[in-house]
Amino acid sequence: MEAHAHATPPTDGPTLGSLPVEPLLTAEFDVDPGAVYERLRATHGPVAPVGLLGVPVWLVLGYTEVTEVLRNESLFRRDIRYWRARAEGRLPRDWPLLAGYEVRQMMFMDDEEHLAARRTHHSALSPFQDARSPEGWEVRAAVARYADELVGMLAAESGAKGFADLGAQYTRPLLLMVTTKLFGCPVELGDELVMDLWRMLDGGADSGPATARALGAFTRLAAHRRARPGDDLTSYLLLADPGLSDEQLGRELFMNAVYLNDITGNMVLNTLLEVLRGNATVRRSLSAGQLGETVNRAALANPPVANMCFRFAARDVRLGKVWVRAGDAVSPSAAAAHQELLALSSSHLVGATVSTRAHLGWGAGPHQCPSAARELGGMIVSTAVGRFLDHFTRAELTLPPDQLPWRSGPVVRGLRLLPVRYELGAGVTRRAEPAPTAVPAHAGGGDSQTRGLLAALRKFMFGGR
């Protein structure tokens, strides 16, 4: 990226508001976003003006340009107060994505405020990603135990052979159970709360009320854990920063829940999809026993966040072939950037380590997921995929890959369902109650929590049978 090709931007250069924009979220985009990215790239180059739910933004398509936007915090800010259209009152008051962007939490902070919030998160998350700590041991054991019990429930309800939706009957309830345990929820989080997180990200007409409901739920959780602290992320965030109010803590829990349920869940499903559809590089990693690399290669082929949250230009800057003016909204597209990277099949960039060194599944730059969060998320994804591979001796898609239904919103492109015909191994416990699990003395209550969660999820997964 060239920060200043000229002393000042050309006075006759087109501005974002003066350019004709193509709506991004169309029927074509729902079916084949890759084709839309390619057409935009051919027409405009690595940065294209698009309409996002009626609001013009710059969509960044090139890998080099995307990584520069992500890494250059001094030029591209996360704080929504830099957005000129918002400051000037030109955004529709009911614009569906506005409610989510106005939740002031770590993702939408800059500079020292952002660094302080990251330190708090890293401190609170570190015990859970450290396999040697009691908290880390317990959360790892819980993820594996929950995965086993969900497969056991499937066996009990549908048999050792049959049909299943790996979204509704495995991935989504698994992440819901992990969130409940990690956050220290006194009662299980309901599926309706997860749906509210989806509604906020997908930018539907009810995204504003959905955001408010989710924030309310997490603020109540914050107040509960302040009064009754435990060995959970909510309590550890308070321990790391006792000055957090219930409302501030609720906002941070809200952000963590989005990443844990939606982003991490998408990574699980996308990895399973790439394995089932026969992605050659993914399967080679799997055959070599490199489960972490399998996940990374799937993230390169199909990132869990297609178009990342906006950045706002701090000043006029040249990006690709266009001048981005101060206060313009810029949306870096990980999906388009990966598409360009994978097209360079003969380049030295694409080799045995491209996935671990180049994919943007966890972001990049100052606002990438904190290292403790990346480690924890990677463990959850690898465990979920690994337990699936342990238990399912056969699984095949019941729909052609190009006919699978997707949530093609402005941020994520996640599977609505992943239908398979399956066969389970002979060792799967065919019951919905948890098998006895050895837990250390400090980890009491795990089995009872699992029983309660599985009972609550039965109606969700099997229609109340």
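Along each chain, the written sequence defines residue order, and numbers are assigned to residues from 1. With pLDDT at 70 or above as the cut-off, local features in this predicted model cover only qualifying residues; side-chain atom pairs require 80 or more to be listed or tallied, and sums for whole chains, interfaces and linings still use all residues. Excluding hydrogens and water, the side-chain values take into account all heavy atoms of the structure.

Undergrad: Report on the overall build of the protein, specifying residues and quantitative values.
TA: Put simply, DSSP H or I for four residues or longer makes a helix, DSSP E for two residues or longer makes a strand, and each gets a number counted from the N terminus. Broken down by element type, the protein carries 18 helices and 13 strands. Across the 465 residues in the protein, those meeting the buried criterion constitute 55%. Within the protein, residue pairs in contact and separated by at least 24 positions form 73% of the contacts whose partners lie at least 6 positions apart. Accessibility throughout is a Shrake-Rupley quantity obtained with a 1.4 Å probe, and a residue counts as covered only by protein chains that appear here. As displayed, the protein has an accessible area near 18800 Å², and 53% of this comes from carbon and sulfur atoms. A 1.4 Å probe rolled over the protein chains alone gives each residue an accessible area, and that area as a share of the maximum for its type sets the label: buried under 20%, exposed over 50%, partly exposed in between. Contact definition: two residues touch when any of their heavy atoms are within 4.5 Å.

Undergrad: Let's hear about the sheet that holds strand 10 (residues 392–397): which residues, and what values?
TA: Taken in spatial order, the 3 strands line up as 5-13-10 in an open sheet, and their pairing is antiparallel. With one partner strand each, in any of the chains shown, strand 5 (161–165) and strand 10 form the two edges of the open sheet. Mean inter-strand twist for the sheet, computed between neighbouring axes without regard to direction, equals 30°. Note on pairing: DSSP must find at least two bridges between two strands before they are called paired. Here strand 10 pairs with strand 13 (residues 419–424) via 5 bridges, running antiparallel. Within the sheet, the bridge partner assigned to Glu396 lies in strand 13 and is Arg421. Note on definitions: angles span 0 to 180 degrees between N-to-C directions of axes, and those axes are lines fitted to C-alpha atoms, for helices only across the stretch in contact.

Undergrad: I'd like to hear about the packing of helix 7 (residues 134–158) against helix 17 (residues 371–391), residue by residue, with values.
TA: With their axes 10 Å apart at the nearest point, helix 7 and helix 17 run at an angle of 35° to one another. Relative to helix 17, the crossing made by helix 7 is right-handed. Across from Val139, Arg140, Val143, Ala144, Ala147, Asp148 and Val151 in helix 7, the residues of helix 17 making contact are Leu376, Met379, Ile380, Thr383, Arg387 and His391. Of the residues that constitute the contact of helix 7 with helix 17, the class distribution is 8 nonpolar, 2 polar and 3 charged. Each crossing gets its handedness from the near helix: less than a right angle anticlockwise from the far helix is left-handed, clockwise is right-handed. Side-chain classes are defined by residue name, with Ala, Val, Leu, Ile, Met, Phe, Trp, Tyr, Cys and Pro counting as nonpolar, Asp, Glu, Lys and Arg as charged, and the others, Gly among them, as polar.

Undergrad: Kindly report on the layout of surface pockets, identifying the contributing residues and their values.
TA: For the largest pocket, the calculated volume is near 550 Å³. Forming the walls of the largest pocket are 25 residues, and the residues nearest its centre are Asp32, Pro33, Gly34, Asn302 and Arg413. Elements with a contribution of two residues or more to the lining of the largest pocket: helix 1 (27–31), helix 2 (33–44), helix 12 (246–276), helix 14 (291–301) and helix 15 (334–343). For the lining of the largest pocket, the leading source of residues is helix 15, giving 4 residues. By residue class, the composition of the lining of the largest pocket is 14 nonpolar, 5 polar and 6 charged. As defined here, a cavity is a set of points on a 1 Å grid over the protein atoms alone where a 1.4 Å probe fits but cannot get out. A pocket is an open set with protein on both sides within 12 Å along at least five of seven lines, and residues line them when an atom is within 4 Å of a point. Grid points are joined across faces, edges and corners, and a volume is the space filled by probe spheres set on the points.

Undergrad: Which residues make up the sheet that holds strand 1 (residues 22–23), and what values do they have?
TA: Strand order across the open sheet formed by 6 strands is 1-2-3-9-6-4, with mixed pairing between neighbours. The open sheet is flanked by strand 1 and strand 4 (76–77), the only strands paired with a single partner. As defined by bridge partners, strand 2 (residues 47–52) adjoins strand 3 (residues 55–60) across 6 bridges and the pair is classed as antiparallel. From the neighbouring strand, Leu52 faces strand 3, where its bridge partner is Val55. Relative to the sheet, helix 2 contacts strand 1, strand 2 and strand 3, its axis offset from that of strand 2 by approximately 125°.

Undergrad: Can you lay out unusual backbone geometry for me, pointing to particular residues and giving the numbers?
TA: Phi is positive for Leu53, close to 55°, though the residue is something other than glycine. Positionally, Leu53 belongs in the loop between strand 2 and strand 3. Of note, the phi angle at Asp111 is positive, near 55°, even though the residue is not glycine. Turning to its location among the elements, Asp111 is positioned in helix 6 (residues 111–129). Taking the relative accessible area as the measure of exposure, Asp111 reaches 38% and is therefore partly exposed.

Undergrad: Quick rundown of the packing of aromatic side chains? Include the residues and the values.
TA: Side-chain rings of Phe, Tyr and Trp, where Trp is taken by its six-membered ring, are said to pair if the distance between their centres is within 6.5 Å; with planes under 30 degrees apart they count as stacked, over 60 as edge-to-face, and otherwise as tilted. According to the stated counting rule, one finds 13 aromatic pairs in the structure shown. Centroid distance Phe388 to Phe392: 4.4 Å. Interplanar angle 25°. Geometry classified as stacked. Taken together, the ring pairs connect Trp83, Trp95, Tyr101, Phe108, Phe310 and Phe312 into an aromatic cluster. In this scheme, the term charge over a ring applies when either NZ of a lysine or CZ of an arginine sits within 6 Å of the ring centre and within 35 degrees of the ring normal. Over the aromatic face of Trp406 sits the side chain of Arg413, whose NZ or CZ is 4.4 Å from the ring centroid.

Undergrad: Tell me about the pairing of strand 2, and name the residues and values.
TA: The element strand 2 is extensively covered by neighbouring structure, given that 6 of its 6 residues are classed as buried. Going residue by residue along strand 2, you find Val47, Pro49 and Gly51 tucked away on one face and Ala48, Val50 and Leu52 tucked away on the opposite face as well. In terms of strand pairing, strand 1 meets strand 2 through 2 bridges, oriented parallel. In the sheet register, Pro23 faces strand 2, and the bridge partner there is Gly51. In this antiparallel pair of consecutive strands, strand 2 and strand 3, the connection spans 2 residues, and Leu53 shows a positive phi of 55°.

Undergrad: A description of helix 10 (residues 207–227) should follow, citing residues and the corresponding values.
TA: How far a helix is expected to stretch is found by multiplying one less than its residue total by 1.5 Å. A rise of 1.5 Å per residue sets the reference length of helix 10, with its 21 residues, at 30 Å; its end C-alpha atoms lie 31 Å apart and thus fit the reference within 8%. For helix 10, the set of buried residues is Ser207, Ala210, Thr211, Ala214, Leu215, Phe218, Thr219, Leu221, Ala222 and Arg225. End-on, the buried residues of helix 10 take up no more than an arc of 165°, which puts them together on one face. Seen from the open side of helix 10, the exposed residues pointing more than 90 degrees away from its buried face are Arg220 and Ala227. To obtain the arc, one takes the directions from the helix axis to the C-beta atoms.

Undergrad: Before we move on, could you go through the pattern of salt bridges and cite the residues and values that matter?
TA: A pair is scored as a salt bridge if a Lys or Arg side-chain nitrogen falls within 4 Å of a carboxyl oxygen belonging to Asp or Glu. Scanning all chains against the criterion turns up 25 salt bridges. Notably, a salt bridge pairs Arg39 with Glu28, separated by 2.9 Å at the nearest N-O pair. With Arg39 in helix 2 and Glu28 in helix 1, this pair connects stretches of sequence that are 11 residues apart. On the basis of relative accessible area, Arg39 is assigned to the partly exposed category, the value being 32%. Its relative accessible area of 35% is what places Glu28 among the partly exposed residues. Two residues, Arg119 and Glu112, come together in a salt bridge whose shortest N-O distance is 2.6 Å. We classify Arg119 as partly exposed; its relative accessible area is 48%.

Undergrad: Any chance you could break down the environment of Gly17 for me, citing the residues and the numbers?
TA: With respect to the helices, strands and loops of the structure, Gly17 is situated in the segment before strand 1. Taking relative accessible area as the criterion, Gly17 reaches 68% and is therefore assigned exposed. For the pair formed by Gly17 and Val55, sequence separation is 38 residues and the distance between their alpha carbons is 9.3 Å.

Nothing here speaks to function; it is all geometry.
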